[in-house]
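Below are the chains, spelled out letter by letter.
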Amino acid sequence: MKHRYSDLLDGVSAEAVTLKKMPLVSSRRIREKTFEQLGVSKKKRKLSVISRVAVVAAVFASLMITACAADTVFNDGAFFGGFFGTDLSKNQIDTLNTIGKTFDQEDKLTSNGAVLTPISVVTDGRICYLHIRLQAPEGVVLQDLAEDKTYSFTGKENKREEMEVVFDFERHTLDRVKVNALPDPDPSDNVKEFVLEFYAYWASGFNGNTVSIKIPGLWVKGLPDTNSKYHYSKLFSADFEFDITVNRVDQRIDLKDLGVTHYIEKYDFSVNLEQIIITPLRMEVYYTATLPENEDILPDGGYAQLVMKDGKKLTLGDVSYVSDGPDVGYRVLSKFAAYYGYDAEKFAQTVAREHHCDTSVRYIFDEPVVLEDIDYIVWCGGQIIDVN
């Protein structure tokens, strides 16, 4: 007969187990620390009923430490080191408080002489911003880098040097992480704060579930060479792993079955708006399009403007610099290639235009958007879409 740990609690009296305050760690490390606290070796497999009850109580206590590490909230516009700006409105801060949390500043992770402190996290379920403070090992200076270099928490030299995420008991590479180094009051020391920006591509996203983040060290990433390969210089290796759990309030505007079409007479094709999703952190536009006969034309239905109730306009997806003007719905491949310095003929050969006839475009806001403040959306060609 199979038994659960909870069955062991029936009719058993046990003294409470008091644990010292532990650093923020992953579920695996919580389990290891619990056994160490109870004096149970790895080799000892048989436990008495009382010991098992103590283990259960200790595990629950450990998990409460992690879960209660974020009772405080954002209370001013300077959180995240001013990453979103320092003049956020009260409504913007209130919005962020429903989709984020702060960590206990006493929770630190140490590895190979380095110290990592999670500070706060904000997520709409998909886009995630993780604010951390990093103290490098002695002798490593975290200076402000030139424009052609960035910091990276992935080395790409082997699998052990990739940033990873663990969810649903599976470990996956966490790629396309944008590392934003915050303004540093002393760029000559070994301490710097970062905001890590990434997309939660797994099915559940951040939806009250626990996700573990693994950081293997720090590198300096240079611009790609002529073979489009990036160069990484290792500053130090580490083994940081910690859990993130955000019990957020889901906030989104989801507009479907819009029946809106933008016809481009000049090239005789249409772009059809299928769906728009807006959260406080991003907007996604889903569209379909017919394929223009002109092979130099690439359909693009991502252009939109959010018009707020106070008259402020937020322009997203403006590609007029590679098209024929502000009335967009397409890109001119030759202009696009010239703008970025590509060979026009080779660029045209590598772009599958049909892939741009049924696609979506994601735009990340520079600062949080209060959904209740949106009045309407202006889409390609001036179509007005009411969000209320």
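Predicted, not measured: the structure shown is a model, and the values here were computed from it.

### Topic: the overall build of the protein
Alright, step 1. A tally of regular secondary structure across the protein gives five helices and 21 strands.
Alright, step 2. Looking at the 388 residues of the protein, the share that counts as buried comes to 45%.
Alright, step 3. As displayed, the protein has an accessible area near 21200 Å², and 48% of this comes from carbon and sulfur atoms.

### A closer look at the sheet that holds strand β16 (residues 304–308)
Alright, step 1. With respect to topology, four strands assemble into an open sheet ordered β17-β16-β20-β21, the strand pairing being antiparallel. Edge strands, defined here as strands with exactly one partner in the open sheet, are β17 (313–316) and β21 (383–386). Along the sheet, successive strands turn relative to each other by an average axial angle of 25 degrees, direction set aside.
Alright, step 2. Taken together, the five bridges between β16 and strand β20 (residues 374–379) define a ladder with antiparallel strand orientation. By the bridge assignment for β20, alanine 304 is matched with tryptophan 379.

### A word on helix α3 (residues 90–97)
Alright, step 1. Residues Gln92, Ile93, Thr95 and Leu96 constitute the buried set of α3. Seen end-on, α3 carries its buried residues on one side only, within an arc spanning 155 degrees.
Alright, step 2. Next to the buried residues of α3 lie β1 (100–102) and β3 (114–123).

### Points about the environment of leucine 88
Alright, step 1. Here leucine 88 is to be found in the loop between α2 (49–67) and α3.
Alright, step 2. Under the relative-accessibility criterion, leucine 88 is labelled buried at 10%.
Alright, step 3. For the pair leucine 88 and glutamate 367, spaced 279 residues apart in the sequence, the C-alpha separation amounts to 8.2 Å.

### Digging into the confidence of the model for the protein
Alright, step 1. In this model, the protein carries an average pLDDT of 78, and 77% of its residues clear a pLDDT of 70 or more.
Alright, step 2. When mean pLDDT is compared element by element in the protein, strand β2 (residues 109–111) scores highest at 95, while α2 scores lowest at 39.
Alright, step 3. Below pLDDT 50 for its whole length, residues 1–31 participates in 50 contacts with residues either more than four positions away or in separate chains.
Alright, step 4. Of the regions scoring below 50 in pLDDT, residues 40–72 engages in 43 contacts with residues more than four places distant in sequence or in other chains.

### Quick look at the pattern of salt bridges
Alright, step 1. Across all of its chains, the model carries 14 salt bridges by this definition.
Alright, step 2. Here glutamate 193 ties to arginine 133 by a salt bridge, and the two come within 3.1 Å at their closest N and O atoms. Placement of the pair is glutamate 193 in strand β9 (residues 191–199) and arginine 133 in strand β4 (residues 127–135), with a sequence separation of 60 residues.
Alright, step 3. Note on glutamate 193: relative accessible area 23%, which makes it partly exposed.
Alright, step 4. Notably, a salt bridge pairs aspartate 254 with lysine 256, separated by 4.0 Å at the nearest N-O pair.
Alright, step 5. The exposure class assigned to aspartate 254 is partly exposed, which follows from its relative accessible area of 32%.
Alright, step 6. One connected set of salt bridges, linked through shared partners, spans Asp124, Arg282, Glu284 and Arg362.

### Things to note about the packing of aromatic side chains
Alright, step 1. Going through the model one piece at a time under the given rule, you end up with 14 aromatic pairs.
Alright, step 2. Their ring planes at 75 degrees and their centres at 6.5 Å tell us that phenylalanine 269 and tyrosine 330 sit as a pair that is edge-to-face. Linking phenylalanine 269 in strand β13 (residues 269–278) with tyrosine 330 in strand β18 (residues 330–332), this pair joins segments that are 61 residues apart in sequence.
Alright, step 3. Of the residues examined, tyrosine 330 reaches a relative accessible area of 5% and is grouped as buried.
Alright, step 4. Look at tyrosine 342 and phenylalanine 347: their rings are 5.3 Å apart centre to centre, the planes differ by 20 degrees, and that puts the pair in the stacked class.
Alright, step 5. An aromatic cluster is defined as three or more aromatic residues linked by ring pairs; in this entry it consists of Tyr321, Phe336, Tyr339, Tyr340, Tyr342 and Phe347.
Alright, step 6. Over the ring of tyrosine 199 we find arginine 362; its NZ or CZ atom is 3.7 Å from the centre of that ring.

### Re the sheet that holds strand β14 (residues 282–289)
Alright, step 1. If you walk across this open sheet you meet the four strands as β12-β13-β14-β19, and the pairing is antiparallel. The open sheet is flanked by β12 (253–264) and β19 (358–364), the only strands paired with a single partner. When strand polarity is set aside, the average angle formed by the axes of neighbouring strands in this sheet is 20 degrees.
Alright, step 2. The pairing of β14 with β19 spans seven bridges and is antiparallel. Within β19, the position partnered with methionine 283 by the bridge is tyrosine 363.

### Let's talk about the environment of tyrosine 267
Alright, step 1. With respect to the helices, strands and loops of the structure, tyrosine 267 is situated in the loop between β12 and β13.
Alright, step 2. Overall, tyrosine 267 belongs to the buried group, its relative accessible area being 16%.
Alright, step 3. Linking tyrosine 267 and leucine 291, residues 24 residues apart in sequence, is a C-alpha distance of 9.7 Å.
Alright, step 4. If we skip the residues at most four places from it in the chain, tyrosine 267 touches Pro292, Asn294, Ile297, Asp324 and Tyr330.

### Quick word on the pairing of β16
Alright, step 1. Among the five residues of β16, five are classified as buried, and the element is accordingly described as predominantly covered.
Alright, step 2. Neither face of β16 is exposed, since Ala304, Leu306 and Met308 on one face and Gln305 and Val307 on the opposite face are all buried.
Alright, step 3. Direction of pairing for β16 relative to β17: antiparallel, over a ladder of four bridges. The residue bridging leucine 306 from the neighbouring strand is leucine 314, located in β17.

About the thresholds
- Per-chain numbering applies: the sequence of each chain, read as written, is numbered from 1 onward.
- A pLDDT threshold of at least 70 governs which residues receive local features in this predicted model, and a stricter bar of 80 or more applies before side-chain atom pairs are shown or counted, although totals over entire chains, interfaces and linings include all residues.
- The side-chain numbers reported here are obtained from all heavy atoms of the structure, hydrogens and water having been left aside.
- Per the convention used, a helix needs a DSSP run of H or I reaching at least four residues, while a strand needs a run of E reaching at least two, with both numbered from the N terminus.
- Here's how the labels work: a residue is buried when its accessible area is under 20% of the maximum for its type, exposed when over 50%, partly exposed in between, all with a 1.4 Å probe on protein chains only.
- Values of accessible area rely on a 1.4 Å probe in the Shrake-Rupley scheme; residue burial ignores everything except the protein chains shown.
- If DSSP finds at least two bridges between two strands, the strands pair.
- Axis lines are fitted to C-alpha atoms, over the contacting stretch for helices. Their N-to-C directions set the angle, which ranges from 0 to 180 degrees.
- The arc in question is traced by the directions running from the helix axis to the C-beta atoms.
- Working rule for contacts: check all heavy atoms of both residues, and any pair within 4.5 Å makes them a contact.
- Per residue, pLDDT captures the predictor's confidence, and it can take any value from 0 to 100.
- Salt-bridge detection follows one rule: a side-chain nitrogen of Lys or Arg within 4 Å of a carboxyl oxygen of Asp or Glu.
- Put simply, two rings from Phe, Tyr or Trp (the six-membered ring, in Trp's case) pair if the centres are within 6.5 Å, and we call them stacked under 30 degrees between planes, edge-to-face over 60, tilted for the rest.
- Only when the NZ atom of a Lys or the CZ atom of an Arg is both within 6 Å of the ring centre and within 35 degrees of the ring normal do we say a charge sits over the ring.

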